[in-house]
Amino acid sequence: MKVYLVYFSPSGSTKKTVRNVAKGIDATEVIEIDMLKKSNREKTHSFGPNDLVILGMMTATKLYGIPAEVMGALKGNNTPLVGAVNCGNGYFGSSLIAMQKFMSKQGFKMMAAGGFIGQYSFSKSIATNRPDEQDAAIQFQFGKDIAKKLQQGDLNLYSKLSIDWPNEGTFSTIKCAIGSALPGPGFSIPKSWNELAIADDCIQCGKCVKHCPVGALSLNGKITQDRDKCIGCQGCVNVCPREAINPINESLQKMVANVMKFRQGRKEPKLFL
Ligand SMILES: Cc1cc2nc3c(=O)[nH]c(=O)nc-3n(C[C@H](O)[C@H](O)[C@H](O)COP(=O)(O)O)c2cc1C
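Since the model is a prediction, treat every value here as computed from it, not as a measurement. Counting starts from 1 at the beginning of each chain's written sequence and moves along it residue by residue. This being a predicted model, a pLDDT of at least 70 is required before a residue's local features are given, and a value of 80 or more before pairs of side-chain atoms are given or counted; all residues contribute to the totals for chains, interfaces and linings. With hydrogens and water excluded, all non-hydrogen atoms of the structure serve as input to the side-chain values.

Draft legend 1. Representation of the side chain of D51. Residue position: D51 is located in the loop between β3 (45–46) and β4 (52–60). Three labels apply to residues, based on accessible area from a 1.4 Å probe with only protein chains included: buried if under 20% of the type maximum, exposed if over 50%, partly exposed otherwise in between. In this count, Lys and Arg are taken as positive residues and Asp and Glu as negative ones, while His and the chain termini are left out. When a carboxyl oxygen of Asp or Glu lies within 4 Å of a side-chain nitrogen of Lys or Arg, that pair is called a salt bridge. Here D51 occupies a buried position and makes no salt bridge, while the nearest side chain of opposite charge, K2, is found at 5.9 Å. Nitrogen and oxygen atoms within 3.5 Å of one another constitute a polar contact, given that in protein one can donate a hydrogen and the other can accept it, and given that sequence-neighbouring residues count only through two side-chain atoms. A distance of 2.8 Å separates the side chain of D51 from the backbone nitrogen of G48, its partner in a polar contact. Between two residues, a contact is recorded if the distance between any of their heavy atoms is within 4.5 Å. Apart from residues no more than four positions distant in its own chain, D51 is found in contact with K2, Y4, T79 and P80. Put simply, DSSP marks the helices as runs of H or I at least four residues long and the strands as runs of E at least two long, and each gets a number from the N terminus on.

Draft legend 2. Seen up close, the site of the ligand. We call a residue near a molecule or strand whenever a single non-hydrogen atom of that residue lies within 4 Å of it. What surrounds the ligand is a group of 27 residues, the closest being S9, S11, S13, T14 and T59. Within the backbone of N86, a nitrogen or oxygen atom sits 3.3 Å from an oxygen atom of the ligand. In this structure, Q119 approaches the ligand through a main-chain N or O atom, which is 2.8 Å from an oxygen atom. Summarising the interface, the protein chains cover 98% of the accessible area of the ligand, which totals 650 Å² for the free molecule. Contributions of two or more residues to the shell around the ligand are made by α1 (13–23), β4 and β7 (79–87). Ranked by residue count, the leading element in the shell around the ligand is β4, at three residues. Looking at the shell around the ligand, its residues break down into 10 nonpolar, 15 polar and two charged. Note on areas: Shrake-Rupley, 1.4 Å probe, and residue coverage restricted to the protein chains presented here. Polar here means any residue other than Ala, Val, Leu, Ile, Met, Phe, Trp, Tyr, Cys and Pro, which are nonpolar, and Asp, Glu, Lys and Arg, which are charged; Gly is therefore polar.

Below is the structure:
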């Protein structure tokens, strides 16, 4: 069986997650499709009933970024799907439900899913370095369980996907309720929150420009941000080797400071099989 790892992972934790799950599956071949690359989102990727697609995306109540573009590029033919959503020590909301709904229209059958923990895009001190070794062991075993189900030809998802309501105060609960009710698979921060500051010690290595999924950064003597294009995914912030890129919007900073109060300690993944 060919296993396809398809991921939209601006800060890298979701990519690690899907790779760990794949290790538990006895695949003849593992093929990666990085959906940060526009060229990959512009093609149609077709899969058959004997392939397995592991789709990894990040969450902000619902799927974050450009989920319709990412998932719209995938075409299944009764293809088994494993849904993996990474959240930053908070909650994955209705992301898996949104993924299941969208991907079923694309010809996929979600037969396993997980809400996993990845280092919080806005702070290295929350869910630091996750997925870590403990997560990797859980994800490996999850892969083994998936392989067993596939060997039995069992594509049923027995556990009901749950919304995973946040335990982060009224604001987050309302956000999650609105997010779940809104049509479409995605959720975004307001455009006014996406402003970045580029520090003077930027060495203009261009890593952020290459990494940005939507071409919102350019290097022309200095790094400049196109705020109309920027989706606020924090990929550039986390890929920068000098920590020279930082979000500066005050409302965003207040929101981050508030949710961080609830994000201490270790949270564990939730698996659906
Ligand atoms: C704009 C934005 C909003 C986010 N909202 C949430 C959230 O509602 N709940 C949560 O647990 N994590 C939230 N996160 C954190 C990411 O989902 C999490 O850090 C994830 O592991 C990032 O995946 P990546 O490393 O593959 O980019 C948010 C991140 C960003 C950039």
